[in-house]
Amino acid sequence: MEMKIVVLFLFFVFNAKGVAQCEIKNRVQADGSMIYYFEPTAFYTTKSKSLKINIVTDKEHYFVALQPTPFPDKKEGKKIKDDLIILLADNKTYKLAHYDTQYRRNDSIMQVLYLIDDKDLDAFSNYEAVSADINMQGTEFVRSYNFKLHKNAIVEQLKCFLKKEEN
């Protein structure tokens, strides 16, 4: 009897964790289009800088959204136009095209969107992120991050979106 309770408890714990990982949120953009996203996850944190990352989609394209801290003021931040260079665990570097730089919540958050090329979706769905280089116009030249935290968050989030599309 006790064993059944333990098994049942473990089933619920792991099942709840799986559901929580696929908690997709949505928001209507200013142009009326709907975007779907996950809460940003910390990939890198030190006393001087941090980087949160999440996947955003319009159901047609997939984007890696970066939230670096500290970030430049809006005038300087809007100059960020370079591509993101990201190294995955398959030891290959990928170049993601800059899509948009946004300031949200009364400019207290800066988010930079980079488009994942359709041909690279499979790699991003299977290999965790190792590091990224971002040209932070107006602050310093290139900001490099060697990820220490939640390196598989991109994989998990993409799998949730892609699984949801199949259904």
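Note that this is a predicted model, so its numbers are computed, not measured.

Engineer: How do you make sense of the environment of F147 when you look at a structure like this?
Structural biologist: Along the chain, F147 falls in the loop between β10 (142–146) and α4 (153–166). For the pair F147 and L51, spaced 96 residues apart in sequence, the C-alpha separation works out to 9.0 Å. With residues up to four places along the chain from it excluded, the contact list for F147 reads F43, Y44, L51, I53, I86, A129, V130, S131 and A132.

Engineer: Please clarify how unusual backbone geometry should be interpreted in this entry.
Structural biologist: Excluding glycine, a negative phi dihedral is what most residues carry, and trans is how most peptide bonds are arranged. P70 follows T69 through a cis peptide bond whose omega is -5°. For P70, the position within the fold is in the loop between β5 (62–69) and α2 (74–77). Despite not being glycine, K59 has its phi angle at roughly 75°, a positive value. The exposure class assigned to K59 is partly exposed, which follows from its relative accessible area of 46%.

Engineer: Would you explain the pairing of strand β1 (residues 25–28) in this entry?
Structural biologist: Successive side chains on a regular strand alternate, one facing one side of the sheet and the next facing the other. Sheet topology note: the β1/strand β2 (residues 34–37) ladder contains four bridges and is antiparallel. Bridging from a neighbouring strand, N26 pairs with Y36 of β2. In sequence, β1 turns back onto β2 through a hairpin of five residues, with G32 there showing a positive phi of about 90°.

What counts as what
- Residues numbered from 1 in each chain as written.
- Predicted model: local features only at pLDDT ≥ 70, side-chain atom pairs only at ≥ 80, totals over all residues.
- Heavy atoms only, no water.
- Helix = DSSP H or I, 4+ residues; strand = E, 2+ residues; numbered from the N terminus.
- Contact = heavy atoms within 4.5 Å.
- Buried < 20%, exposed > 50% of the residue type's maximum accessible area, 1.4 Å probe, protein only.
- Pairing = 2+ DSSP bridges.

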